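Structure assessment
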Amino acid sequence: MSMNATFVEIDTVELARIQRDPSLAEALFQSESGTPESLAALSKVVQDRLKTVDPEVLAAKLEALDPRMKELLAGRKLFKLIEERQSRPSAERPPSPVLALDKAWHGVHYLLCGAAEPGPTLLSQAVLGGTVLGEDDEGFSGYGAPRYFTAPQVAELAAALNRPGLEAEFTARFDPEKMSALEIYPGWRSSDAQWLLDSLRHLRDFYTKAAVDGNAIVTCLV
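Because the structure is a prediction, the values reported are computed rather than measured.

Counting 35 residues, the largest nonpolar core has Phe7, Leu112, Leu161, Leu196, Leu203 and Tyr207 as its most contacted members. Considering each element in turn, this core owes the most residues, seven residues, to helix 11 (residues 193-213). Those residues within four positions of phenylalanine 7 in sequence are excluded, and the remaining contacts are Pro97, Val98, Leu99, Leu101, Ala126, Val127, Leu203, Phe206, Tyr207, Ile217, Val218 and Thr219.

Spelled out as structure tokens, the structure:
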């Protein structure tokens, strides 16, 4: 099974939510909308049940199951939040922007910094860096935990990726034989040079957009 690098742009509110509960990060990588089909189906079931269940009775049951729900349930806040979400036009809830570098991720990383692993330099962080979410080293994908960059970090990386002369340095470092010998995933041919350069440009544009939006980025190998 191949390893593919995916990047998702999220706002700072969403990042804070995922920092509190790292298990929520998996949903960002499940589909284009960031919502697993199973979760969507469950949501519909819950919405249908809410139409027939007394809110006070349901609130009492939920509160008994999880004390952390007390604040949310106070004053029927849970049901108000559900109503607001259902009534909000879909145009106001666009899917999170996603970039898939597919199998180019390790080659892009190597050509940015000249090393197989992330290091202290800023450019070595763009693909494989970031702060780890959760305590599971393998993560939900089995290829490592998801990682995040805060909005200020995104802006700093965007500036580094837009530095004049970076593309020339990137291209000059391309050596398919050396990269294959170093086991830069997935193995390389001379014809891959343009593919990697295009992938770098996509990565640069993605970071630039997120920086302009003032957003964070979550990334993972999936």
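There is more to say after this.
To continue, consider the packing of helix 6 (residues 105-113) against helix 11. Helices that pack against each other are described as a pair by the angle of their axes relative to one another and the distance between those axes. Orientation of helix 6 relative to helix 11, taken along the N-to-C sense of each, is 85 degrees, at an axis distance of 9 Å. Accordingly, the angle class assigned to the pair helix 6 and helix 11 is roughly perpendicular. Contacts between helix 6 and helix 11 involve Gly107, Val108, Leu111 and Leu112 from the former and Leu196, Ser199, Leu200 and Leu203 from the latter. Split by residue class, the contact of helix 6 with helix 11 holds six nonpolar, two polar and no charged.

Of all six residues in strand 1 (residues 5-10), six are buried, a share of seventy percent or more. Judged by which residues are buried, strand 1 turns out to be covered on both faces: Ala5, Phe7 and Glu9 on one side and Thr6, Val8 and Ile10 on the other are all buried. Pairing analysis gives four bridges linking strand 1 to strand 2 (residues 98-102), with the strands arranged antiparallel. Residue phenylalanine 7 lies in a different strand from strand 2, and its bridge partner there is leucine 99. Sheet topology note: the strand 1/strand 5 (residues 216-221) ladder contains six bridges and is antiparallel. Bridging across to strand 5, phenylalanine 7 finds its partner in threonine 219.

Reading guide: rules and limits
- Each chain has its residues counted from 1, running along the sequence as written.
- In keeping with the model being predicted, local features are shown solely for residues with a pLDDT of at least 70 and side-chain atom pairs are shown and tallied solely at 80 or more, while totals for entire chains, interfaces and linings include all residues.
- By convention in this description, side-chain values take in all heavy atoms of the structure and omit both hydrogens and water.
- We call a set of buried residues a nonpolar core when its members are Ala, Val, Leu, Ile, Met, Phe, Trp, Tyr or Cys and they connect through side-chain atoms within 4.5 Å of each other.
- Residue burial is assigned from relative accessible area. The probe radius is 1.4 Å, only protein chains are included, and a residue is buried under 20% of its type maximum, exposed over 50%, and partly exposed in between.
- Per the convention used, a helix needs a DSSP run of H or I reaching at least four residues, while a strand needs a run of E reaching at least two, with both numbered from the N terminus.
- Pairs of residues are marked as contacts when any of their non-hydrogen atoms sit within 4.5 Å.
- Only the stretch in contact is used when a helix axis is fitted, and all axes are lines through C-alpha atoms; the angle between N-to-C directions ranges over 0 to 180 degrees.
- An angle below 35 degrees is treated as roughly parallel, one above 145 as roughly antiparallel, one from 65 to 115 as roughly perpendicular, and anything else as oblique.
- Under the scheme applied here, ten amino acids are nonpolar (Ala, Val, Leu, Ile, Met, Phe, Trp, Tyr, Cys and Pro), four are charged (Asp, Glu, Lys and Arg), and all others, including Gly, are polar.
- Should DSSP find at least two bridges between two strands, the strands are regarded as paired.

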